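The primary structure of each chain is shown beneath.
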Amino acid sequence: MEVKNLMNVLSLFDGISTGRVAVKKAGFDITNYYASEVDKYAKAVAQERHPDTVQLGDVKNWRNWDIDFGKID
């Protein structure tokens, strides 16, 4: 049986989600990838490459995000 290294990721100031690529190259499978980014062009690139990314918006509004911070790796 194969053991998977699963991660829930929160990326602040995400840009074009290069952090997601690094996590995958390190051998982890991503269960959920949450991203905080405000630049519309960076978000468009990230969503094109990784459509399952959950875009949260501006980091200044973190108190309003509907995520379980206790489950972020």
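Criteria and thresholds
- Residue indices begin from 1 for each chain and proceed along its sequence in written order.
- Per-residue local features are limited, in this predicted model, to residues with pLDDT of at least 70; the limit for side-chain atom pairs, both in listing and counting, is 80 or more; totals at the level of whole chains, interfaces and linings are taken over all residues.
- The basis for every side-chain value is the complete set of non-hydrogen atoms in the structure, without hydrogens or water.
- Helix and strand definitions follow DSSP, with helices as H or I runs of at least four residues and strands as E runs of at least two, each counted in order from the N terminus.
- Under the rule applied, a polar contact is a pair of N or O atoms within 3.5 Å (in protein, one hydrogen donor and one hydrogen acceptor; residues adjacent in sequence only if both atoms are side-chain atoms).
- Any pair of residues with heavy atoms lying within 4.5 Å of one another is described as a contacting pair.
- Burial classes: relative accessible area under 20% of the type maximum marks a residue as buried, over 50% as exposed, and values in between as partly exposed (1.4 Å probe, protein chains only).
- Two strands are counted as paired when DSSP detects at least two bridges linking them.
- Orienting the strands away from the viewer, one traces the path from the first strand over the helix to the second; a clockwise path indicates a right-handed crossover.

*Asks:* Provide a residue-level description of the side chain of R20, including the pertinent values.
*Replies:* Here R20 lies in helix α1 (residues 18–25). Engagement of the side chain of R20 in a polar contact is seen with the side chain of D52, the distance being 3.0 Å. Each residue touching R20, except ones within four places of it in the same chain, is listed here: I30, Y33, H50, D52 and T53.

*Asks:* How would you sum up the environment of V23? Please name residues and give values.
*Replies:* Within the secondary structure layout, V23 lies in helix α1. With a relative accessible area of 17%, V23 lands in the buried category. In this structure the C-alpha to C-alpha distance between V23 and V9, which are 14 residues apart in sequence, comes to 8.9 Å.

*Asks:* Report on the pairing of strand β1 (residues 6–12), specifying residues and quantitative values.
*Replies:* Here 7 bridges tie β1 to strand β2 (residues 29–36), and the two strands are oriented parallel to one another. By the bridge assignment, L10 is partnered in β2 with Y34. One crossover worth recording links β1 to the parallel β2 by way of α1, and it is right-handed.

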